[in-house]
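Spelled out from the first residue to the last, the chains are:
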Amino acid sequence: MILSLLACIDARAPVAMPVRFEGGSPDLQLEAGAIHLDRAELEVADLRMESAPVARWLPSLVGTATAHPGHEFAGSVRGELLGSWTLDLVGPPTDLGTAEGWEGDVATASFDAGTLVLAGTWTGPEGSIPFDLEVEVDRPIVGVESLFSLDADEPPSLSLSAHVDHALGFVEWAETDGDGIVTAADGTLRNTALFGITSSTSWTLAQESP
Amino acid sequence: MTRSAPVLLLAAGCAPTGTWEVQTWGEDLIEQGIPAEVFEDGCAATFTVFEVSITEASLVDGDGSDAAAMASPARIDLTSPGPHALASLEAPATHYDTARFRIAPDGDAPSVRAAGTLTCGADTVAFDWSFDTDTTYRCEPEDLTIPGGGSHTTELTVHGDHLFYDGLSNPDALVRGTALLEADTNADGEVTQDELAAIPIAPLGYQVGPYADVVDLEAFVAHLTQSVGHVDGEGHCGVDL
């Protein structure tokens, strides 16, 4: 039994796969208005891919957790790309490097997030107003949908995508201090931008089409 | 062969058993209330009702099979002094890794109902919330050994303060009340679940981690009801969400 298990581990072949980042358009049309982004950057580090968590009694759609905040059981790490980058969320595709992993199915991805910079113009029913935000995220972005398999014979090319329109759909663009620009000092820009950019559904890691 | 069969039957018939005592308790935080020092923002809460529907309590053997299971669901108001006995079950005397509990709707009864008052500064609101979340807790107590001829007690401990956490997955989540109190948008002195559902999470600075579908305060508190179960005090249990 032990030998059989070791044989299974030995048979799991390493996989190396290129990863690139794809941002979005600087011009976004949302339900409540339009956004033009002059600048949208996020510092990120250490991309990890995880297998689905093992659930012993019940099927799990999101994952297995311990009944206490901060004790989620993600699946085991299936691959990783260590390093740090500043992602231009509205720039051209960027190569991030070559991730290393092991054969098998991937379910989710996670990475650390640092400083978020957003600058541009919001146009809503009441007119246009500029915004400028720099905020420390300092929390991991977890549970990013990553449904693909790592196959040593056909290593995939991976694409990390930011859905900026989804992320900024949470933002409230209220200018409250009368200085004519929406900043972290206004209303809820900071909290809503943080919520949007760290939402797991604002990101996907996918296998690129051949 | 002809001699060993009776011996085996005899051995099986005499396998030692013991008693698995199962109880639940809401501790002081539910019985007495949550004092201001527990809240990051100085609020305080008391419960007049904290009912849980415990629909399963099982002792699980190494094969994943139930060695003993509670016969019928129990609905317990944890504001009354506990611990509350749930079952006294005969089980093979041995060591076990896992106890399984399920807090789920039972007929018309919700899985969790919490009613009481929340006070922040000079303002107090009442609440009476019912949730239909269905949560199975897989708990691994430190030492779960049923002694032959003796008994061992396992407690499903319910943490009422979890309903007030400001995060669903971050380990630095804090107990806060202000956002819940301010959800009383019609200022009638009671925060309803409809009022909670009208409050978006994003502006609050609360964190949902991987649970991106949780976007309003009612869904947030409902999710937190799936974190109230612990074992033997502070022991953590796994859940599938």
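The coordinates are above.
Residues numbered from 1 in each chain as written. Chains lettered and ligands numbered in written order. Predicted model: local features only at pLDDT ≥ 70, side-chain atom pairs only at ≥ 80, totals over all residues. Heavy atoms only, no water.

## Let's talk about the overall build of chain B
Helices and strands together make up the secondary structure of chain B, namely five helices and 15 strands. Looking at chain B residue by residue over its 241 residues, the buried ones come to 53%. For chain B, the share of sequence-separated contacts (at least 6 apart) that also reach a separation of at least 24 residues comes to 71%. Here chain B has roughly 10100 Å² of accessible surface; of this, 50% comes from carbon and sulfur atoms. (Helix = DSSP H or I, 4+ residues; strand = E, 2+ residues; numbered from the N terminus. Buried < 20%, exposed > 50% of the residue type's maximum accessible area, 1.4 Å probe, protein only. Contact = heavy atoms within 4.5 Å. Areas by Shrake-Rupley, 256 points an atom, 1.4 Å probe, with all protein chains shown as cover.)

## Observations concerning the pattern of salt bridges
Residue and element names in this part refer to chain B. Scanning the model with the defined rule gives 11 salt bridges over all chains in all. E56 serves as the salt-bridge partner of R102, at 3.2 Å between the closest nitrogen and oxygen. Linking R102 in strand β7 (residues 98-103) with E56 in strand β2 (residues 44-60), this pair joins segments that are 46 residues apart in sequence. A salt bridge links D66 to R100; the nearest nitrogen and oxygen atoms lie 3.2 Å apart. Here R100 lies in strand β7 and D66 lies in strand β3 (residues 66-69), a separation of 34 residues in the sequence. Residues joined in a network through salt bridges with shared partners are E56, D66, R100, R102 and D134. (Salt bridge = Lys/Arg side-chain N within 4 Å of Asp/Glu carboxyl O.)

## Points about the packing of aromatic side chains
Applying the stated rule across the entire model yields 12 aromatic pairs over all chains. When the centroid spacing of 6.4 Å and the interplanar angle of 45° are considered together, the rings of F21(A) and W203(A) count as tilted. On the criterion of sequence distance, the pair formed by F21(A) in strand β1 (residues 14-22) and W203(A) in strand β11 (residues 203-207) is long-range, its members being 182 residues apart. Of the two residues examined, F21(A) and W203(A), each falls in the buried class. Here the aromatic rings of F127(B) and F164(B) are separated by 6.4 Å at their centres, their planes lie at 75°, and the arrangement is edge-to-face. Of this pair, F127(B) sits in strand β9 (residues 123-131) while F164(B) is found in the loop between β12 (151-158) and α3 (178-181), placing the two residues 37 residues apart along the sequence. According to the relative accessible area criterion, F127(B) is buried, its value standing at 3%. An aromatic cluster of at least three residues, connected via ring pairs, comprises F39(B), F47(B), F50(B), F127(B), W129(B) and F164(B). (Phe/Tyr/Trp six-rings, centres within 6.5 Å; stacked < 30°, edge-to-face > 60°.)

## Concerning the state of the cysteines
Residue and element names in this part refer to chain B. Under the criterion given, the structure shown has two disulfides over all chains. Disulfide pairing places C43 opposite C120 at an S-S distance of 2.0 Å. Given an S-S torsion of about 110°, the disulfide between C43 and C120 has right-handed geometry. Of the two residues, C43 sits in the loop between α2 (27-31) and β2 while C120 sits in strand β8 (residues 112-120), which places them 77 residues apart along the sequence. On the accessibility criterion, C43 (0% relative accessible area) is buried. Paired by a disulfide, C139 and C237 hold their sulfur atoms 2.1 Å apart. Judged by the sign of its S-S torsion, about 105°, the cystine formed by C139 and C237 is right-handed. On the criterion of sequence distance, the pair formed by C139 in strand β10 (residues 135-139) and C237 in strand β15 (residues 237-240) is long-range, its members being 98 residues apart. Counting only the cysteines that form disulfides, in the order they appear in chain B, gives the pairing 1-2, 3-4. (Disulfide = S-S within 2.5 Å.)

## Quick word on the sheet that holds strand β14 (residues 229-231) of chain B
Residue and element names in this part refer to chain B. Taking strand neighbours across the sheet as the criterion, the four strands line up as β5-β1-β12-β14 in an open arrangement whose pairing is mixed. Edge strands, defined here as strands with exactly one partner in the open sheet, are β5 (84-92) and β14. Ignoring which end each strand starts from, the neighbouring axes of this sheet average 25° apart. (Pairing = 2+ DSSP bridges. Axes fitted to C-alpha atoms, helices over the stretch in contact; angles between N-to-C directions.)

## Things to note about the environment of D134(B)
Residues and elements named next belong to chain B. Summarising the element assignment, D134 is placed in the loop between β9 and β10. Exposure remark for D134: the relative accessible area of 37% places this residue in the partly exposed category. For the pair D134 and T55, spaced 79 residues apart in the sequence, the C-alpha separation amounts to 9.7 Å. Ignoring anything within four residues of it in the chain, the contact list for D134 reads R102, I103, A104, P105 and Q226. A distance of 2.6 Å separates the side chain of D134 from the side chain of R102, its partner in a polar contact. (Polar contact = N/O pair within 3.5 Å; in protein donor to acceptor, adjacent residues only side chain to side chain.)

## What to know about the nonpolar core
Residues W20(B), F50(B), L118(B), F164(B), L217(B) and F220(B) are the most contacted members of the largest nonpolar core, which totals 69 residues. The contacts of W20(B), once residues within four sequence positions are left out, are A57(B), S58(B), L59(B), A68(B), A87(B), S88(B), L89(B), A99(B), L144(B), I146(B), H152(B) and T154(B). Core analysis: the second largest hydrophobic core is formed by 51 residues, V19(A), M49(A), L87(A) and A167(A) among them. (Core = buried A, V, L, I, M, F, W, Y, C linked by side-chain atoms within 4.5 Å.)

## A few points about the pairing of β10(B)
Residues and elements named next belong to chain B. For β10, the tally of buried residues reaches five of five residues, placing the bulk of the element in the interior. Along β10, one buried face is formed by T135, Y137 and C139 and the opposite face, lined by T136 and R138, is buried too. Pairing between β7 and β10: five bridges, direction antiparallel. From the neighbouring strand, A99 faces β10, where its bridge partner is C139. Bridging between β10 and β15 involves two bridges; their strand directions are antiparallel. Bridge pairing in β15 links C139 to C237.

## A short note on helix α3 (residues 189-198) of chain A
Where burial is concerned, most of α3(A) is hidden: eight out of the 10 residues are buried. Turning to α3(A), the residues buried within the fold contact β3 (34-50), β8 (104-124), β9 (127-150), α2 (164-168) and β11 of chain A.

## Some details on a negative patch on the surface
All names here are of chain A. A surface patch of like charges, here negative, comprises E43, D132, E134, E136 and D138. With four residues, the top contributor of residues to the negative patch is β9. Mapped onto the fold, E43 is located in strand β3. Overall, E43 belongs to the partly exposed group, its relative accessible area being 37%. (Patch = residues over 30% accessible without salt bridge, like charges linked within 9 Å, V, L, I, M, F, W, Y side chains within 5 Å. Lys, Arg positive; Asp, Glu negative; His and termini not counted. Charge placed at Lys NZ, Arg CZ, Asp CG, Glu CD.)

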